[in-house]
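Below, each chain spelled out in residue letters.
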Amino acid sequence: MSYILKTTQLTKSYKGLEVVSNVNMSIKKGEIYGFLGPNGAGKTTIMRLITNLIKPTYGDIEIFGQKLTPSSYDQLGRIGSIIEYPVFYDKLSARGNLELHCEYMGYYNNKSIDEALELVNLRQINQTKVKDFSLGMKQRLGIARAIITKPELLILDEPINGLDPVGIKEIRDLFNMLSKEYGITILISSHILAEIEQIADTIGVINQGKLIKEVSMDEIRENNTAYIELVVNDTKKAAFILSNKLNVNNIRVLDNHNIRIYDAISQNDLTKALVINDVTIESLHKKSSSLEDYFLSLLHGGDISA
Amino acid sequence: MLKLTRLELKKNGIGGNIGGAFIAIFIILTLLTVVNFEEPLLSYKDIFSLTNVITTVTFIIFASVLLSKLIIDEFKSKTITVLFMYPVNRKKVLIAKLIIVVAFTFIFSLLAKIIIISGFSFINQYTHFIQEELTFEMIRNQFFIGIVNSLTAGCISLIPLYFGMRKYSTPATIVSAIIISSILNSQFGTEFTLSSIIYIPLALSALGVLIGFISIRNIETKDIV
């Protein structure tokens, strides 16, 4: 399995305070790696370390099999990125910015600018200067700039920030397409767990500068507990029925109305038993614990998040 | 390097600065003529010295505007982070910017002197402000002095970079340029300026180049946030 990015004991401190501590992360070629963590955990700092904007206090970064040094420039040509929020030359137009980008990257393909703008759905913007763009438009342009040279590694810091729901879906499909069709490796950080859940292959969780866990989504899904979410009028009665009549003990009563049932039981048996015993069922849902549950339990399992 | 310089020029719309430079030259020439209507200067020596002083001050200030546009603004608006994520040597990028500033100052400072003096002598043929004859020798001497003057102006124009980079401030850059060039070139009578002591502009030129070096020196290892 070849790794496109590997960090070893990556550490960064500012004035004695370690903002990134001993991070060992690895991203396989061709996968989509979701970077999760609370605000201030160090995700953006790590991304800046990877793109050589800041230098590590300790530790190494290896990209494309080569160590990253202050004077490594070639690797940068194979990376496309958005760090924090995309910055542009405001007095130029979108096209002007993209042309400039291609020139600096050494990428010469006349059609690629139109193609990239098309892919992020940024139209009707021919002569508008970037300073007159809305947040969503700037975000889309940032994504366009990152992907325009079809780099081998995409580093995206909250790429769907500021996008409308249609845009979010479009960009999600775009990332899936880039990964599947072009084999582009994507490192994406986001607070929107539902989105990450849908596209990531591997998850890395960062808290207070430390990489708490690096695990594949498949593993998370496997260990996902399926449960039935039951909303009734009287949970005491329902709980009594469940343990005495149905012999279902692995349950959690959340409050006066909500119960989660982790034992396997058919919904038919459940509803029958409850109805016979005069328990009003408001709703009954089959659910599986989401990435959100996994993420929150991971954070609270360790330190309290910042 | 040539490609980098070309990209910098394209990126920043230098055309405006060039236009402004020509307008400034025209204004200086006009002022010079008008002043002579009021109270004629006595000799070509006065004209030369006045021209040198005014063009030097003007174009050091112009240079600081360019420095702001090319360097300070990029750091302030963080577009420098975009620039530094490209597969191009950071030092070369900054050197390209500095070359543009120094070259602009040198070229326009020299060009201004040429245009103003030839323009004035042309006008003088009709208005006869100055009775003196303009000899070839005078022109030749003045030309050499003009070149040296423009070269030192080019190097001195980098000094405001130090002041601007401290807080990424455009006003700091321009104000420091105004102060430095004024002190250097203020005249007592029409004879003496600090510039006449040749060592002073030379030392300051060296300082300017040194400041250029310092700005570039650590750029590869420095954190850019």
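Residues numbered from 1 in each chain as written. Chains lettered and ligands numbered in written order. Predicted model: local features only at pLDDT ≥ 70, side-chain atom pairs only at ≥ 80, totals over all residues. Heavy atoms only, no water.

**Q** I keep staring at the overall build of chain B and nothing clicks. Help me out?
**A** On a plain count of helices and strands, chain B comes out with nine helices and zero strands. In chain B, the succession of α and β elements from N to C terminus is α-α-α-α-α-α-α-α-α. At 19 Å, chain B has a C-alpha radius of gyration in line with the 17 Å of a compact globule built from 225 residues. The dimensions of chain B, computed from C-alpha atoms along their principal axes, are 60 × 30 × 30 Å. (Helix = DSSP H or I, 4+ residues; strand = E, 2+ residues; numbered from the N terminus. Rg over C-alpha atoms; globule rule 2.2 N^0.38 Å.)

**Q** What is the right way to look at the overall build of chain A in this model?
**A** Secondary structure summary: chain A contains ten helices and 15 strands in total. Based on the C-alpha atoms only, the size of chain A along its principal axes is roughly 75 × 50 × 35 Å. Counting all 306 residues of chain A, 49% fall into the buried class. Restricting to contacts in chain A with at least 6 residues of sequence separation, those with at least 24 account for 67%. For chain A, the accessible area works out to roughly 14800 Å², and carbon and sulfur atoms hold 47% of it. Each charge class in chain A was averaged separately, 34 positive and 37 negative side chains, and the resulting centres sit 3 Å apart. (Buried < 20%, exposed > 50% of the residue type's maximum accessible area, 1.4 Å probe, protein only. Contact = heavy atoms within 4.5 Å. Areas by Shrake-Rupley, 256 points an atom, 1.4 Å probe, with all protein chains shown as cover. Lys, Arg positive; Asp, Glu negative; His and termini not counted. Charge placed at Lys NZ, Arg CZ, Asp CG, Glu CD.)

**Q** How do you make sense of the sheet that holds strand S12 (residues 226-232) of chain A when you look at a structure like this?
**A** Sheet strands associate in pairs through backbone hydrogen bonding, adopting either a parallel or an antiparallel arrangement. Residue and element names in this part refer to chain A. What the four strands build is an open sheet, ordered S13-S14-S12-S15; its pairing is antiparallel. A strand with exactly one partner marks an edge of an open sheet, and here the two such strands are strand S13 (251-253) and strand S15 (281-288). Strand-to-strand, the axes of this sheet are offset by a mean angle of 20 degrees, without reference to chain direction. Pairing of S12 with S15 involves seven bridges; the strand directions are antiparallel. Counted as the bridge partner of Glu229 is His285 from S15. Packing of helix H9 (residues 267-276) onto the sheet brings it into contact with S12, strand S14 (258-261) and S15, and relative to S15 it is tilted by some 155 degrees. (Pairing = 2+ DSSP bridges. Axes fitted to C-alpha atoms, helices over the stretch in contact; angles between N-to-C directions.)

**Q** Explanation requested: the UniProt feature "domain: ABC transporter" (unreviewed entry) in chain A in the structure shown.
**A** The UniProt record annotates "domain: ABC transporter" (unreviewed entry) at residues 5-233 of chain A. Along residues 5-233 of chain A the backbone is 32% helical and 29% strand, and the end-to-end C-alpha distance reaches 53 Å. (UniProt positions renumbered as here; feature names shortened; annotations may be inferred.)

**Q** What am I meant to see in the domain arrangement of chain A here?
**A** Size of an interface, as often reported, equals the accessible area lost when the parts are brought together. The domains assigned to chain A are domain 1 (3-216) and domain 2 (226-288). Each of domain 1 of chain A and domain 2 of chain A has a C-alpha centre, and these two points are 45 Å apart. (Domains from an automatic or database assignment.)

**Q** Before we go on, may I ask you to explain unusual backbone geometry in this structure?
**A** Trans peptide bonds make up the majority, and among non-glycine residues the majority have a negative phi. All names here are of chain A. The backbone of Asn52 shows a phi angle near 70 degrees, a positive value even though the residue is not glycine. A positive phi is found at Asn121, a non-glycine position, where the angle reads about 60 degrees. Structurally, the position occupied by Asn121 is in the loop between helix H3 (110-119) and helix H4 (135-147).

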